[in-house]
Amino acid sequence: MRRIVIPSKIKDLWIKIHSFIQKVLGYIKIGFQYFFRYTGLSWLNKKFKLLPNKIKKTIYAILFISPWLIGLFYISLPILFKSVRMALSDKYYYITDVGWQITGNWYDFTQFKRILMDEPFHFQQIIATAQDIAIVVPLVVIFALILGLMLNQKIKGRGIFRTIFFIPVILLSGNMLANFSRNDLLTVPAIANGTITSFITDYFPDLFNEVLLAAFGKIVLILWLSGVQILIFLAGLQKMDPSIYEAAKIDGASMWELFWKITLPALIPLIYLNIIYTTIVYANLSNNAIVQIINVHSDESQTLGGTLTDEVNYGRAYSAALSWILFTIELVVIGFYSLVIRLSSKRYE
Amino acid sequence: MMKNNKAKIRRILFGRSGNDGLVFKVVLYTLLIGISFIFLYPLLSMFTKSLMTLEDLINTSISWIPRTVTLQNYKTAFEWLHFGQTLLDSLKVSIYPTIATVLSSALIGFGFGRFQFPGKKLLMGIMISMFLIPSVLTYIPTTVLYKDLKILGIELNLMDSIKAFWVPALFGNGIRQTIFILIFYQFFRIIPDELFEAAEVDGASTLRTFLTIAIPMVAPAFLICGLYSFVWYWNETSLARLYFGSNYTTLPMSLDSFISMYSSMYSQGNVTLDSVSSTYNIGVQYAMTLISILPLLIVYLFAQKWFVEGVDRSGIAGN
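Residues numbered from 1 in each chain as written. Chains lettered and ligands numbered in written order. Predicted model: local features only at pLDDT ≥ 70, side-chain atom pairs only at ≥ 80, totals over all residues. Heavy atoms only, no water.

## With respect to the overall build of chain A
Using the following cut-off: Numbering of helices and strands runs from the N terminus, with a helix taken as a DSSP run of H or I at least four residues long and a strand as a DSSP run of E at least two residues long. Remark: exposure states derive from per-residue accessible area (1.4 Å probe, protein chains only) relative to the maximum for the residue type, with buried under 20%, exposed over 50%, and partly exposed in between. By definition in these notes, contact holds between two residues if any of their heavy atoms fall within 4.5 Å. The accessible surface values rely on the Shrake-Rupley method and a 1.4 Å probe; as for residues, cover is taken only from the protein chains in view.
Counting its regular elements, chain A contains 16 helices and two strands. Across the 349 residues that make up chain A, the buried fraction comes to 42%. Partitioning the intrachain contacts of chain A with sequence separation of at least 6 by distance along the chain shows that 69% fall at a separation of at least 24. Within the structure as shown, chain A displays about 19,900 Å² of accessible surface, and the carbon and sulfur contribution to it stands at 67%.

This is the structure in structure tokens:
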């Protein structure tokens, strides 16, 4: 008997709570109705319903994307303008109660001149970084392509390999890579101690050697950077129509020909995409020399106060100019390799 | 007979069409396993080193298998990190902005994906080109801007608090948020129009169709974006240090300060058994590194499918 009594009590209680909630909701509804009526919102609503469908849709769309629009006008665009102005100033500092102060004329390009002429050490770092990016980016894309092709074969345990190849995507950060390079974890000992490298130097032409050695010296870095790119290539490969391959095979095409004449041309848009993606990701990792200079010198007092003392040595303006130089390097690298791909893929058109 | 056998062996070894023969398979698997090893090499190496005693670490003849397995390094690392507090900070610093990112990305993605309006292409073009601007470029001006940022007349006081992460995320300026907006855009775009039209005929408002039809249909997008956003905020140390100063110490930030302390102690000279510190040594450093990535690895193992799906479904490869 007790068993039945308790649930019914709970049921009663639930009904009470439910009716109470209903009542409260009802009051809130009435409240909102009055609110809408007296603030004129219900009038607006009526007018809104009379608008043509197209304008209604536009208003809805703008309401939905309004967070981004606000962010654009209050955050992203001001940041961009500030960055330009900062790079084109002499000193950029904060005085309490007065605000941000800018000295120097923008058309003097003080900081850029300084980087290019008066700072040989930093200039050297810039060149080294540019070379490094220019070597690593194509290697990453090529490795990603090869690994994508391998994973696209009919193999058992593809899921496991894919899991392993994708681990770096979640772990990759500039600090992690800096950590690896400090502890010599960027290359596997069997490669580092010369068994493979001596083989390469013996059997390949000199021009190849340097690139190949660079690749093997940074093999972990290159593989770790290529996670997303592998998946992009793999997704592209799996979307391809198998009937094209079958037709080509019947015509007697070898695997080699299939790759160069069917697979590669279809992947060219993805190669562009991966070049852009790799360049942006790699250039912005905090293990590269320019980013490190920026991190150290943009806020030397480590207080974020924006004081004038930060600006004595290098400071914000100098760092901003450096970051624009890094951006230029990125654009040059992307432009150069896109041009290479474009010229070499011309015969497919 | 002999000829027939030869042909058979040949077919087994090299296959019919070049990529199904035994030789090809063996080479492929060897390469894949080798490459997998290179992928995992840093982690494996760190793992075995983190289990070594000080004597084993200094002994250069030992590279993989420790003579005696010890957990002392992990103990020291946990204590140095103040693990409980740091983990809590890490979770806060990554979960709050993730929620903000996902919510605002869903709204913005819906706005772009569902409606046709004049200037849409232009706005999306602006969004994508803003994404191409490197993050380094924005570091310094961001701190300058956030110092006294006002949005619609509201003083935000972003610096030195988690707000510096989640408020911009609410306005579409989270870490790599454009990717998430595009993922939602793709998801919303492929929902058939008829569904929405039917609901509208029944008298549902746009907000209601968004909440009751659109959102349940893109649950995977929420998962994908949430996971990536969580991971990226977790790994972000440069921005975290710029914004929070010492108010929050995340696991990766803690690891960084340990490493800089360690490298300043041993910047020159060899480490011998007499001079090595029981706290600041490579074993503890590796143990700490593994501890700091362990939460990410756990998330990855359980949600691996969704990370992979993220790349597949973002629509960047193909359409």
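## Points about the packing of aromatic side chains
Rules: Two aromatic rings, drawn from Phe, Tyr or Trp (for Trp, its six-membered ring), form a pair once their centres lie within 6.5 Å of each other, and the interplanar angle then sorts them: stacked below 30 degrees, edge-to-face above 60, tilted otherwise.
For the structure on display, the rule yields 31 aromatic pairs over all chains. On the numbers, 5.1 Å between centres and 65 degrees between planes, the contact of A:Phe64 with B:Phe210 is edge-to-face. You can see A:Phe64 sitting in helix α3 (residues 53–87) and its partner B:Phe210 sitting in helix α11 (residues 206–217), one on each of two chains. With respect to burial, A:Phe64 and B:Phe210 carry one shared label: buried.

## Section: the side chain of B:Ser36
As for its placement among the helices and strands, B:Ser36 is situated in helix α2 (residues 22–50). The contact partners of B:Ser36, leaving out residues within four places of it in the chain, are A:Phe161, A:Ile164 and A:Phe165.

## Considerations on the interface of chain B and chain A
The cut-off we apply is this: Put simply, buried area is how much 1.4 Å-probe accessible surface two parts lose in total, over both of them, once they are put together. A pairing counts as a salt bridge when a side-chain nitrogen of Lys or Arg comes within 4 Å of a carboxyl oxygen of Asp or Glu. Any pair of N or O atoms that falls within 3.5 Å is considered a polar contact. Within protein, one atom must be able to donate a hydrogen and the other to accept it, and sequence-neighbouring residues count only if both atoms are side-chain atoms.
The partner chain A presents 89 residues to the 91 residues of chain B that form the contact. Three residues stand out in chain B for area buried against chain A, namely B:Phe39, B:Leu137 and B:Ile140, and they jointly supply 9% of the buried area on that side. Our enumeration of links across chain B and chain A arrives at zero salt bridges. Where chain B packs against chain A, one counts eight residue pairs in polar contact (both at pLDDT 80 or more).

## Looking at the environment of A:Asp132
Residues and elements named next belong to chain A. Along the chain, the position of Asp-132 falls in helix α5 (residues 120–151). The spatial distance from the C-alpha of Asp-132 to the C-alpha of Asn-183 is 19 Å, given a sequence separation of 51 residues. One polar contact links Asp-132 to Tyr-282, side chain to side chain, over a distance of 2.5 Å.

## Side note on the domain arrangement of chain B
Threshold: For the purposes of this description, domain bounds are those given by an automatic or database domain assignment.
The domains assigned to chain B are domain 1 (2–74) and domain 2 (77–313). Just the C-alpha atoms count here: the centres of domain 1 of chain B and domain 2 of chain B sit 35 Å apart.

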